[in-house]
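Observations on the model geometry
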Amino acid sequence: MSISNALLSKLKDPSLVTDKALIGGDWIAAGDAGKTFEVTNPSTGDVIAVLPDMNRAEASRAIDAAHVAQKVWARKTGKERAAVLRKLYDLMVANADDLATILTIEMGKPFAEAKGEILYGASYVEWFGEEAKRVYGDTIPGHQPDKRIIVIRQPVGVVAAITPWNFPNAMLARKFAPAVAAGCAMISKPAAETPLSALSLAVLAERAGLPAGVFNVVTSKDSPSIGKEFTENEKVRKLTFTGSTEVGRILMRQGADQIMKLGLELGGNAPFIVFDDADIDAAVEGAMISKYRNNGQTCVCANRLYVQSGVYDAFARKLAEKVSAMKVGDGFEAGVSAGPLIDRKALAKVEEHIADAVSKGAAVALGGKPDARGGLFFEPTVLTGVTRDMKVAREETFGPVAPLFRFDTEDEVIEMANNTEFGLASYFYARDVSKIFRVAEALEYGMVGINTGLISTEVAPFGGIKQSGQGREGSKYGIDDYVEMKYLCLSI
Ligand SMILES: NC(=O)c1ccc[n+]([C@@H]2O[C@H](COP(=O)([O-])OP(=O)(O)OC[C@H]3O[C@@H](n4cnc5c(N)ncnc54)[C@H](O)[C@@H]3O)[C@@H](O)[C@H]2O)c1
Ligand SMILES: O=C[C@H](O)CS(=O)(=O)O
């Protein structure tokens with residue numbers, strides 16, 4: 001086995017981690033071409049695993065396996081599918097520490113956050129285990145005396161999933177759970193940076209009794225080739241993607257010939273607005289969570305902080321005080337609140353955004369440079385005097401940088417907040433009820449956090465508008481993306 005002892009020695013159950021891909025119930029140690037790729041710990045740069053570097057042929061075989069398995073899985077009752085998902089939920093919770101250890105070592109986030117992600121991912125498995133029994137249809141009064149109209153909802157079929165590195169368990173669980181609950185089968189291609197979390201989910205799904213072929217994991221560095229197989233193979237009925245808008249656009253184009261059913265959870269550029277009447281201390285707490293969770297590497301992170309003039313200086317001072325208390329370090333170190341960035345490209349983007357802002361007049365109130373530890377560690381940063389001509393206003397920073405913009409009026413800040421092609425998450429702090437309704441209705445986003453910086457939950461519909469994607473994940477709406485509606489017209 002190529003898994004490092006540094007990882008194996010941390011696990012209560014070392015059999016939870018594997019360096020093998022999963023196709024049709026078979027654990028595959030090497031791809032057809034015999035190529036492999038390394039998974040490294042972003043905190044240390046150490047190699048923690050070597051995985052099969054698969055290509056279209058293996059992806060095609062996984063699709064074939066899913067196509068066969070799905071027919072049988074769809075004939076199970078919702079209750080039978082629910083029982084498997086409930087068992088998987090119980091296994092995820094029982095093994096949460098090990099799953100979090102695997103996640104922290106391959107992605108870098110602090111262990112406490114990784115544990116939170118595992119329980120968050122498990123909550124989707126629990127939720128859709130319950131929803132599996134509630135895929136209801138309709139009867140409709142006939143349009144003619146002899147007609148009886150029935151609407152049924154059936155599973156889409158074979159679903160391909162491509163997921164990002166920043167939440168390697170939860171972003172997959174958020175797709176796997178509704179798909180399997182509905183009676184679909186799935187082929188997953190996790191990010192090459194963090195494949196171990198997807199594979200450990202597959203290990204537990206097998207232990208929960210999920211039949212062979214219903215869930216497959218293809219590991220690869222060649223994601224464009226795998227993506228082409230997913231979008232061109234006629235057995236694939238839906239592609240669900242979480243990642244950048246740029247890649248989402250590529251996949252949408254590739255799926256066009258097949259009129260591919262798509263679920264797209266894409267990039268964000270969240271505004272975080274603090275009005276004069278806000279509870280400033282609550283707003284600072286909300287900004288800390290919304291900006292610095294996962295070291296700023298989440299799609300719903302506050303990317304632009306707009307603070308009304310009357311409270312700007314107080315908010316900036318209080319935020320800087322809180323940020324200065326953050327501890328940067330290895331995710332397994334006690335008390336660490338910020339781990340490493342995922343790679344050099346991510347660190348370079350953070351540096352580029354700070355340099356651009358400063359060159360155009362912004363000031364570094366705190367941080368602003370790589371952490372003394374070196375490597376991929378960066379100082380949590382607060383910028384003041386930020387203006388709309390700076391890159392941080394238009395691009396997703398995806399790092400621990402809080403750019404503070406000053407504004408005077410409600411109309412001005414709504415215009416600035418909406419002046420982006422993205423429309424995923426948004427946040428604002430205010431206490432006047434009329435203002436709360438005006439601003440919430442005026443913001444062009446799929447999700448609005450009001451007096452809170454943390455909105456992600458399995459019970460609500462997660463997703464965006466504009467170039468942040470289409471479809472919703474979680475909530476009573478989430479299973480709709482994995483079923484097709486069929487109308488039966490019966491003449492009696
Ligand atoms: N909306 C959401 O729920 C959500 C959640 C997490 C991350 N994101 C977004 O994802 C981005 C960061 O994640 P990332 O860097 O992994 O994004 P990314 O788009 O670079 O990669 C995402 C996934 O797509 C794969 N991929 C890359 N190029 C591909 C191609 N040509 N064809 C097929 N697959 C391809 C990658 O291997 C990875 O598995 C940010 O923009 C973030 O906002 C969105
Ligand atoms: O990166 C975005 C994910 O959706 C994270 S979360 O769902 O907000 O936790």
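Residues numbered from 1 in each chain as written. Chains lettered and ligands numbered in written order. Predicted model: local features only at pLDDT ≥ 70, side-chain atom pairs only at ≥ 80, totals over all residues. Heavy atoms only, no water.

This part takes up the overall build of the protein. From N to C terminus, the protein includes 15 helices and 20 strands. Taking 492 residues into account, the globule formula puts the C-alpha radius of gyration at 23 Å, and the protein, at 23 Å, falls close to it. Looking at the protein as a whole, 57% of its 492 residues are labelled buried. When contacts within the protein are restricted to residue pairs at least 6 apart in sequence, long-range pairs at least 24 apart make up 73% of them. Counting only carbon and sulfur atoms, one obtains 54% of the accessible surface of the protein, whose full area is about 18900 Å². Side-chain charges of the protein comprise 56 positive and 62 negative groups, with the mean position of each set lying 4 Å from the other. (Helix = DSSP H or I, 4+ residues; strand = E, 2+ residues; numbered from the N terminus. Rg over C-alpha atoms; globule rule 2.2 N^0.38 Å. Buried < 20%, exposed > 50% of the residue type's maximum accessible area, 1.4 Å probe, protein only. Contact = heavy atoms within 4.5 Å. Areas by Shrake-Rupley, 256 points an atom, 1.4 Å probe, with all protein chains shown as cover. Lys, Arg positive; Asp, Glu negative; His and termini not counted. Charge placed at Lys NZ, Arg CZ, Asp CG, Glu CD.)

Neighbouring ligand 1 are 28 residues, the closest being T163, K189, S244, L266 and E396. At a separation of 3.3 Å, an oxygen atom of ligand 1 approaches a polar backbone atom of G243. Between E265 and ligand 1, the recorded distance is 3.4 Å, taken from a backbone N or O atom to a nitrogen atom. Of all the secondary-structure elements, those providing two or more residues to the shell around ligand 1 are α6 (170-182), α8 (223-232), β10 (236-242) and α9 (245-255). In terms of residues, the shell around ligand 1 owes the most to one element, α8, which gives three residues. Split by residue class, the shell around ligand 1 holds 15 nonpolar, nine polar and four charged. (Near = heavy atom within 4 Å. Polar contact = N/O pair within 3.5 Å; in protein donor to acceptor, adjacent residues only side chain to side chain. Nonpolar A, V, L, I, M, F, W, Y, C, P; charged D, E, K, R; others polar.)

A separate point is the nonpolar core. L88, F176, L196, L210, F215 and I273 are the most contacted members of the largest nonpolar core, which totals 103 residues. The biggest single contributor to this core is α6, with 10 residues. Residues contacting F215, with those up to four places away along its chain left out, are L22, L172, F176, M186, S188, A198, L201, A202 and L210. If you look at the next biggest cluster of nonpolar residues, it comprises 34 residues, including V274, A287, Y427 and M447. (Core = buried A, V, L, I, M, F, W, Y, C linked by side-chain atoms within 4.5 Å.)

Attention now moves to the site of ligand 2. Taken together, Y120, N166, F167, M171, R174, R293, T298, C299, V300, S456 and F462 are the residues near ligand 2. The contact in question runs from an oxygen atom of ligand 2 to an N or O atom on the side chain of R174, over 3.0 Å. Between ligand 2 and C299 there is a distance of 2.8 Å, counted from an oxygen atom to a backbone nitrogen or oxygen. Coverage of ligand 2 by the protein amounts to 98% of the 280 Å² it exposes when considered alone.

What follows covers the packing of aromatic side chains. Overall, the coordinates contain nine aromatic pairs when judged by the stated rule. Between the aromatic rings of F275 and F428, the centroid separation amounts to 6.3 Å while the plane-to-plane angle is 85°, which identifies the pairing as edge-to-face. Taken as a pair, F275 in the loop between β12 (270-274) and α10 (280-292) and F428 in strand β17 (residues 425-429) lie far apart in primary sequence, 153 residues in all. Note on accessibility: F275 and F428 belong to one class, buried. Ring geometry for Y306 and F405: centres 4.7 Å apart, planes at 40°, overall tilted. Taken as a pair, Y306 in strand β13 (residues 302-308) and F405 in strand β16 (residues 401-407) lie far apart in primary sequence, 99 residues in all. By relative accessible area, which is 2% here, Y306 ends up buried. Overall, F405 belongs to the buried group, its relative accessible area being 2%. Ring-pair connections join several aromatic residues into one group, and the members of that group are F272, Y427 and Y429. Of note, K10 hangs over the ring of F332, and the distance from its end group to the ring centre comes to 4.1 Å. Geometry around F167 places K109 over its ring, the cationic atom sitting 3.6 Å from the centre. (Phe/Tyr/Trp six-rings, centres within 6.5 Å; stacked < 30°, edge-to-face > 60°. Lys NZ or Arg CZ within 6 Å of the ring centre and 35° of its normal.)

UniProt annotation of "domain: Aldehyde dehydrogenase" (unreviewed entry) refers to residues 31-487 when read in the numbering used here. This span, residues 31-487, is 39% helix and 20% strand, and a straight line between its end C-alpha atoms measures 43 Å. (UniProt positions renumbered as here; feature names shortened; annotations may be inferred.)

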